[in-house]
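What follows is the residue order along each chain.
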Amino acid sequence: MKYFSLLLLTLVLTISVHAQDKKFDLDDFYTDNPALDHTVDSIYNTLSQKQRIAQMIISCTGELGKPETVVKKLAEDDIIGGVVFLKGNKKTHTETIDELNSISKEKKTLPLIFSMDAEPSLFASRIKGAKDVGKTIDIKTNAQSDSVVNIINQELKEIGVHHNFAPVLDISPSNEAIKSRSYGNNKDSVINLANRFIKCTQEGGIIATAKHFPGHGLVKGDTHKQSVYIDGPLQEIDNYKPIIANGVLSIMIAHITVINNDIFGTNGLPSSCSRRIITDLLKDGMCFEGIIVSDALNIMKAVTILDNAPLLASKAGCDMILMPKDEEATMKSILAEIETDKDYNKQVVKSVKKILRLKVCAGII
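All values derive from a computational prediction rather than experimental measurement.

So, on to unusual backbone geometry. For the bond running from Ala 166 to Pro 167, omega is 15°, close enough to zero to count as cis. Note that Pro 167 resides in the loop between β4 (163-164) and α8 (187-203). For the bond from Lys 211 to His 212, the omega torsion is 10°, close enough to zero to count as cis. Within the secondary structure layout, His 212 lies in strand β5 (residues 209-213). Of note, Asn 267 is a non-glycine position whose phi angle comes to about 55°, a positive value. Turning to its location among the elements, Asn 267 is positioned in the loop between β8 (256-259) and α10 (275-285).

A separate point is the sheet that holds β4. The parallel open sheet is built from 5 strands, whose spatial order is β4-β3-β2-β1-β10. On the outer flanks of this sheet lie β4 and β10 (321-322), each paired with one strand and no other. Here strand β1 (residues 57-61) runs beside strand β2 (residues 82-85); their pairing, made up of 4 bridges, is parallel. Counterpart to Ser 59 in the pairing with β2 is Val 83.

Let us look at the state of the cysteines. Evaluated as defined, the whole model comprises 0 disulfides. Of all cysteine sulfurs, the one in Cys 273 lies closest to Cys 318, which takes part in no disulfide; the gap is 7.2 Å.

The rules behind these values
Residues numbered from 1 in each chain as written. Predicted model: local features only at pLDDT ≥ 70, side-chain atom pairs only at ≥ 80, totals over all residues. Heavy atoms only, no water. Helix = DSSP H or I, 4+ residues; strand = E, 2+ residues; numbered from the N terminus. Pairing = 2+ DSSP bridges. Disulfide = S-S within 2.5 Å.

Here is the structure:
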């Protein structure tokens, strides 16, 4: 392990020297860029198999999350590649991020990526004391959207958060789980305002995430409480086509089960664990090459009823495994699976390299 850490430190120092001439940013993520490819491959090659898998596992802290001591231990043991911050205040979030960054520096391992559900409607609860930006449903113009995003981006940067799990692309504001988190009932307005949110977010140096694929608006129920179903056609997937074309960097997959659909039925699994939805539809069918994030895997009953949902989500095509109940068990199950499944091993390599690429472009590495 010391050998790997020394190699990684040497690489980071070398990259830092050469990066004075070329600094990558979020606009570079989708480009054909040999220098960026070389940087990612070089970092990947210094990592142990465990450190590679860790990049895919995202833990959580804050109110309703895991205790800080637990998350710090996971970081020290190279079990995680990032942390999502749940409810809390600015001071606590900032102090925790500073401490986690210190652990990475002391251990000479890759820095973590920090994320938050900083959608307008949830923003006040995620960072208590931050300026109230109102509800997503009340945003009606580009100028209003830009003003909201600028406030959110500034707060996230001050805390040290890189990745915003927003905006919501679901059409309906009447769903039990979505409510005011939607831009409304008008499809064109939802797409245009979400696109604007993403553009402004990413131009400001924060990674945006469209959610909840393949659509949580036109369904009944809340995946936090029960299994929820899309019965028949996927009515909301067309919303994602212009979002993908315009360069959104990540998409979150909902725990929605699809029934009565001959092509994209999920055979009783939630979409977050369905290869038909993630790989066949989103990756291959819609040509999305960004980061695919599962929805939370630790508390939402639509997925906690499954055995080893984190591994299922990864095998289905998720790059980031969000909030598994047991991060160490998730690590062990992925490590074991790649030993026996060559195709899955190749898929994991691609996921890890995508995440490393994102970290480089976001300035984390």
